[in-house]
Amino acid sequence: MNMLLDLQKKLLPDLVEVLGMRYRILRYIRLMQPIGRRTLAVNLEMSERVLRGEVTFLKEQGLVTFQSTGMLLTEEGHLLLSQLEAVMKEVFDTRTMEEDLQVKLGVKEVHVVPGDSDKFPWVQKELGRAAVGVMKRRLKAADNIIAVTGGTSIASVAEMLVPDSDLKESVFVPARGGLGEQVENQANTICATMARKAMGSYRLLHVPDQLSKEAYDSLISEPSVQSILKLIHSATMVIHGIGEAHTMAERRSTPVSVMKHLKENNAMAEAFGYYFDEDGTIVHKVLTIGLQLEDMKNIPSIIAVAGGSSKGKAIEAYMKKGPSQVLITDEGAANAILNEL
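Residues numbered from 1 in each chain as written. Predicted model: local features only at pLDDT ≥ 70, side-chain atom pairs only at ≥ 80, totals over all residues. Heavy atoms only, no water.

Colleague: Run through the overall build of the protein, naming residues and quoting values.
Modeller: Within the protein one finds 15 helices and 13 strands. The C-alpha atoms of the protein give 21 Å as radius of gyration, which agrees with the globular expectation for 341 residues (20 Å, within 12%). For the C-alpha atoms alone, the extent of the protein along its principal axes is close to 65 × 45 × 35 Å. Counting over 341 residues, the protein shows a buried share of 51%. Across the protein, contacts joining residues at least 24 apart in sequence account for 69% of those joining residues at least 6 apart. Accessible surface for the protein amounts to roughly 16,200 Å². Of this, 53% is attributable to carbon and sulfur atoms. (Helix = DSSP H or I, 4+ residues; strand = E, 2+ residues; numbered from the N terminus. Rg over C-alpha atoms; globule rule 2.2 N^0.38 Å. Buried < 20%, exposed > 50% of the residue type's maximum accessible area, 1.4 Å probe, protein only. Contact = heavy atoms within 4.5 Å. Areas by Shrake-Rupley, 256 points an atom, 1.4 Å probe, with all protein chains shown as cover.)

Set out below in structure tokens:
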């Protein structure tokens, strides 16, 4: 397969280019269907004239259908796209990226989706879809407790979930308290959305993300908080995002003194309330109720989901010493990590 692709790239470069373009069109229709031609052209940065010819061809091949609400993939289109994904990893060279990231970051399993979510927000949905696939493969036979953090990447995972018999008996819990940001990106909301879409059950943790010592001591002793914490610490799977340190600190309305400390210590990444420098060393910790890094050693599956070229340094910093066994990212972040020199 690799030899054939190399020959095609040299002798028939236009063929590979057209294959990549049609693959991107099918991927986007799958993510956003039903979708109109004009919206599709804008998001793929193509002219409507060129796109018209391509979608007409795909329709003639029985891969796309036109309806009054927009274009949709046919059953054959879905099947072809799933078969094409493995091939396109070779065409886009994402397989090599995955292997290189495994070595560089010391992580057991890496999945790279095409695109850069900083430039194309719809790539976030591809991250979510890839994460759902990994989730299902790594589920235990029964008694799954899935802890999730907040953030846009994990919200995309929730968005891409569909009812599934393997997830029906799962219990979803927030890995930590709320951040005080947009409600749709909070761990409690994402947890409830995942449970509803997967037809599972959920429990919520109604505490702030950032606490004073007095508030922490008071809340941690509450029986209702103790009950949900016991469930969270029994998680069989954790799905979490990775934040850029200063962005996360600003979202938390962090005091100036702490912001100065983060800057002086070259903080790069944030996850679970911990801030990491470029070597993966913890330089600051927020007092929060929920999963702590020391709790992770007994959790069978820990999946990190983060993408975008701007997140490259943050992902690298966290993954150097973070406990995650799986990283799901995009080409933008992968290139930022691998080409940093």
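Once the structure has been displayed, the description carries forward.
Colleague: Tell me about the pattern of salt bridges, residues and numbers included.
Modeller: As enumerated under the stated definition, the model contains ten salt bridges in all. Residue Glu 159 is joined to Lys 125 by a salt bridge in which the shortest nitrogen-to-oxygen separation is 3.0 Å. Taken as a pair, Glu 159 in helix α8 (residues 152-160) and Lys 125 in helix α7 (residues 123-137) lie far apart in primary sequence, 34 residues in all. (Salt bridge = Lys/Arg side-chain N within 4 Å of Asp/Glu carboxyl O.)

Colleague: Give a description of the environment of Val 286 that names residues and reports values.
Modeller: Position of Val 286 relative to the elements: it lies in the loop between β11 (282-285) and β12 (301-305). Distance in space between the C-alpha atoms of Val 286 and Ala 142 is 34 Å, their sequence separation being 144 residues.

Colleague: Can you lay out the packing of helix α6 (residues 94-105) against helix α15 (residues 331-338) for me, pointing to particular residues and giving the numbers?
Modeller: The interhelical angle for the contact between α6 and α15, taken along N-to-C directions, is 50°, at an axis separation of 10 Å. By the angle class used here, α6 and α15 are oblique. Our pair here, α6 against α15, has a crossing hand that is left-handed. Contacts from Thr 94, Met 97, Asp 100, Leu 101, Lys 104 and Leu 105 of α6 reach α15 at Glu 331, Ala 334, Asn 335, Ile 337 and Leu 338. (Axes fitted to C-alpha atoms, helices over the stretch in contact; angles between N-to-C directions. Parallel < 35°, antiparallel > 145°, perpendicular 65-115°, else oblique. Left-handed = near helix turned anticlockwise from the far one by under 90°.)

Colleague: Talk me through the layout of surface pockets; I want residue IDs and the actual numbers.
Modeller: Space inside the second largest pocket adds up to approximately 300 Å³. Residue lining of the second largest pocket: 17 residues in total, with Glu 85, Lys 89, Val 113, Arg 129 and Ala 130 positioned closest to the centre. Listing elements by their share of the lining of the second largest pocket, those giving two or more residues are α5 (75-91), α6, β3 (109-113) and α7. Sort the elements by how many residues they give to the lining of the second largest pocket and α7 lands first, with six residues. For the lining of the second largest pocket, a count of residues per class yields eight nonpolar, three polar and six charged. When residues of the lining of the second largest pocket are assigned to domains, at least three fall in each of domain 1 (3-90) and domain 2 (93-339). (1 Å grid on protein atoms, 1.4 Å probe; cavity = no way out; pocket = protein on both sides within 12 Å on 5 of 7 lines; lining within 4 Å. Points joined across faces, edges and corners; volume = space filled by probe spheres on them. Nonpolar A, V, L, I, M, F, W, Y, C, P; charged D, E, K, R; others polar. Domains from an automatic or database assignment.)

Colleague: Tell me what's going on with the domain arrangement of the protein, and back it up with residues and numbers.
Modeller: The domain architecture assigned to the protein consists of domain 1 (3-90) and domain 2 (93-339). Its C-alpha centre places domain 1 at a distance of 31 Å from the equivalent point of domain 2. In this complex, domain 1 contributes 14 residues to the contact, which on the side of domain 2 involves twelve residues. Summed over the three residues of domain 1 that lose the most area to domain 2, namely Arg 27, Leu 31 and Lys 89, the buried surface amounts to 52% of that side. Where domain 1 packs against domain 2, one counts three salt bridges. As a salt-bridge pair, Glu 126 and Arg 27 come within 3.4 Å of each other at their nearest N and O atoms. Tallied by class, the residues present in the side of domain 1 that touches domain 2 amount to seven nonpolar, one polar and six charged. (Buried area = accessible area lost by both parts, 1.4 Å probe.)

Colleague: Kindly report on the nonpolar core, identifying the contributing residues and their values.
Modeller: If you look at the biggest cluster of nonpolar residues, it comprises 54 residues, and the most contacted ones within it are Ile 25, Leu 40, Met 135, Ile 146, Phe 172, Met 194 and Val 305. Take this core: its biggest share by element is eight residues, from helix α2 (residues 13-32). A domain-level breakdown of this core finds at least three residues from each of domain 1 (3-90) and domain 2 (93-339). Residues Val 173, Ala 235, Ile 302 and Ala 306 belong to the second largest nonpolar core, which totals 42 residues. (Core = buried A, V, L, I, M, F, W, Y, C linked by side-chain atoms within 4.5 Å.)

Colleague: Describe helix α14 (residues 312-321), naming the residues involved and giving the relevant values.
Modeller: One turn of the α-helix equals 3.6 residues, which is why residues spaced by three or four share an orientation. Judged by how many residues are buried, α14 sits mostly within the fold: seven of ten residues are covered. For α14, the set of buried residues is Gly 312, Ala 314, Ile 315, Glu 316, Ala 317, Tyr 318 and Met 319.

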